[in-house]
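# Geometric and topological summary
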Amino acid sequence: MSKTIAMVDVYAPTLALAEAFIAAGATVVRVQSTVDAPPVYGSHPDLAQFADNIVHEGDFDATRDAVAKHRPDIVITGGETGVELADQLSAALGLVTNGTRHSEARRNKFAQNETLRAAGLRSTRQLLVSDEEQLRAWHSSFGGRVVVKPIRSAGNDGVTFCDTPGESVDAFRAISGRTNIFAVRNEGVVAQEYLTGTEFAVNTVSCAGKHRVTDIWRYAKMTVNGVVDRHSGVFSAPVDEQPEVVEYAFAVLAALGVDYGPAHLEIMMTQDGPCLVEAGIRLCGAGAAHYAKIAGGESQLEWAVDAYLEPERFVAEYQRPHRVDQHVVMAFLTSPVEGVLESYPLLDQVRQLPSFHKVHMGVQPGQPLAKTVDDCTEPMMIGLAHPVAQVVADDFRAVNYLDGHGFYRVAQP
């Protein structure tokens, strides 16, 4: 029999998960945790593909009852903003659930690290900032670079790298009370130690407390346009070559009470071992599933479908060996100029690279081009894939070389 899934906050970055469930024969009911779509998502997806669209207006009982009328078999989140409401609904309706005990820690970056610390895991030293002088004193005693960011939000929204106490205070002032990318007023600020090492993105799916790493990505970074550690790309990393990262990732999932569903963990491999940067207990966006399939023949999408619709199959196969089909890079371009974009004069040179796979164009000719300072102002992503790792590495360097002033032609004022 077809199962019914209530999915909270399905928007463009994770629409593929809803589509995967529908393709598997499930009926999907969409639930909005907010009346309006967060500005970062632009707009709602086509609602015709869903059996219903239930808008949560703040009355949990009313939303629970509206969802219950569909007799759902499963309630899951469709994105970052839906994590806590999905936890509440799944628990209240007596369905498989991650529960609500650690719901806050699955969203709140300060609570997240304190939960890991309580579990005996390596976690960042941090301060929940209450005022400027407290932050100034903490940074002065801490020394070195620190990271100041909102306790919620996602991506790199509001994340600021600060080398002096004065810079930390300026960041605190900028973040406090500001509306974040989800159109929600920042409710708090956390200052954390700056972690040095190699950063990995670890994507997982869980079923009844059993975890499968579907794909791992190694970040490439640069300091550009005044932004420290801007992500310039991610390299696919063979899962079996990162046992310490995988072991730590599973411990993080256990500490945060994640028994079901997808998760996206950002982990820094430091000199002292792996340490969590932050975790999102939802599907990884940015088209990662597409490129994970190219790299290793699997992604979070099909494992998530199995975790909920075919749990016996998940349990039977979750420990099967990983494979490497191709080496993959997602290159995130960084515009040093701004204005109305006329063209990308050097894009054809990128298309001629041996490992070129696809262009994902965020800014089209004729549209305003901003100087890139975060994910939202990123003009383009270029996918590279090749059976030989060195070819992909060389082509990524070529993309970095081309991605400069000559890559963008903008209209002169």
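Residues numbered from 1 in each chain as written. Predicted model: local features only at pLDDT ≥ 70, side-chain atom pairs only at ≥ 80, totals over all residues. Heavy atoms only, no water.

With an unreviewed UniProt entry as reference, the chain is termed ATP-grasp domain-containing protein, source organism Actinokineospora alba.

## Digging into the nonpolar core
Ranked by internal contacts, the top residues of the largest apolar core, which has 27 residues, are Ile5, Met7, Leu17, Phe21 and Ile76. Put simply, the parts of the chain that give this core at least two residues each are strand 1 (4-8), helix 1 (15-23), strand 4 (74-77), strand 9 (198-207) and helix 9 (300-309). If one sorts the elements of this core by residue count, helix 9 sits on top with seven residues. The contact partners of Ile76, leaving out residues within four places of it in the chain, are Ile5, Ala6, Met7, Val8, Leu17, Phe21, Ala86 and Tyr308. (Core = buried A, V, L, I, M, F, W, Y, C linked by side-chain atoms within 4.5 Å. Buried < 20%, exposed > 50% of the residue type's maximum accessible area, 1.4 Å probe, protein only. Helix = DSSP H or I, 4+ residues; strand = E, 2+ residues; numbered from the N terminus. Contact = heavy atoms within 4.5 Å.)

## What about the pattern of salt bridges?
Here the structure, examined in full by the defined rule, presents 24 salt bridges. Note that Arg173 is salt-bridged to Asp170, the shortest N-O span being 3.7 Å. Linking Arg173 with Asp170, this pair stays in helix 6 (residues 165-175), spanning three residues, or about one helical turn. The partly exposed category is assigned to Asp170, whose relative accessible area is 47%. Here the salt bridges do not stand alone but share partners, grouping Glu80, Glu84, Arg107, Lys109, Arg152 and Arg282 into one network. (Salt bridge = Lys/Arg side-chain N within 4 Å of Asp/Glu carboxyl O.)

## Notes on the sheet that holds strand 16 (residues 356-361)
Across the sheet, which stays open at both edges, the eight strands sit in the order 13-12-9-10-11-14-18-16 with antiparallel pairing between neighbours. Each having just a single partner strand, strand 13 (273-280) and strand 16 make up the two edges of the open sheet. Adjacent strand axes in the sheet meet at a mean angle of 25°, parallel and antiparallel pairs treated alike. When strand 9 meets strand 10 (residues 210-224), the two strands line up antiparallel, connected through eight bridges. Along strand 10, the bridge assignment pairs Phe200 with Arg218. On top of the sheet, helix 9 reaches strand 9, strand 10 and strand 12 (261-270); it is set at about 30° to strand 9, its chief contact. (Pairing = 2+ DSSP bridges. Axes fitted to C-alpha atoms, helices over the stretch in contact; angles between N-to-C directions.)

## Thoughts on the sheet that holds strand 7 (residues 160-162)
What the four strands build is an open sheet, ordered 5-8-6-7; its pairing is antiparallel. Because the sheet does not close on itself, it has two edges, and the strands there are strand 5 (126-129) and strand 7. Adjacent strand axes in the sheet meet at a mean angle of 25°, parallel and antiparallel pairs treated alike. One ladder, built from five bridges, connects strand 6 (residues 146-150) with strand 8 (residues 189-193); its direction is antiparallel. The partner of Val146 across the bridge, within strand 8, is Glu193. In the packing of helix 4 (residues 109-118) onto the sheet, the strands contacted are strand 5, strand 6 and strand 8, and the crossing angle to strand 5 comes to about 140°.

## Details of helix 4
Among all positions of helix 4, only Lys109, Ala111, Gln112, Asn113, Thr115 and Leu116 are buried. Tucked inside the fold, the buried residues of helix 4 contact strand 5, strand 6, strand 8, helix 7 (243-255) and strand 13. Backbone nitrogen of Phe110 and a side-chain oxygen of the N-cap are separated by 2.9 Å at the start of helix 4; the cap is Asn108. Downstream of helix 4 by one or two residues, Gly120 has phi in the positive range, about 85°. (Polar contact = N/O pair within 3.5 Å; in protein donor to acceptor, adjacent residues only side chain to side chain.)

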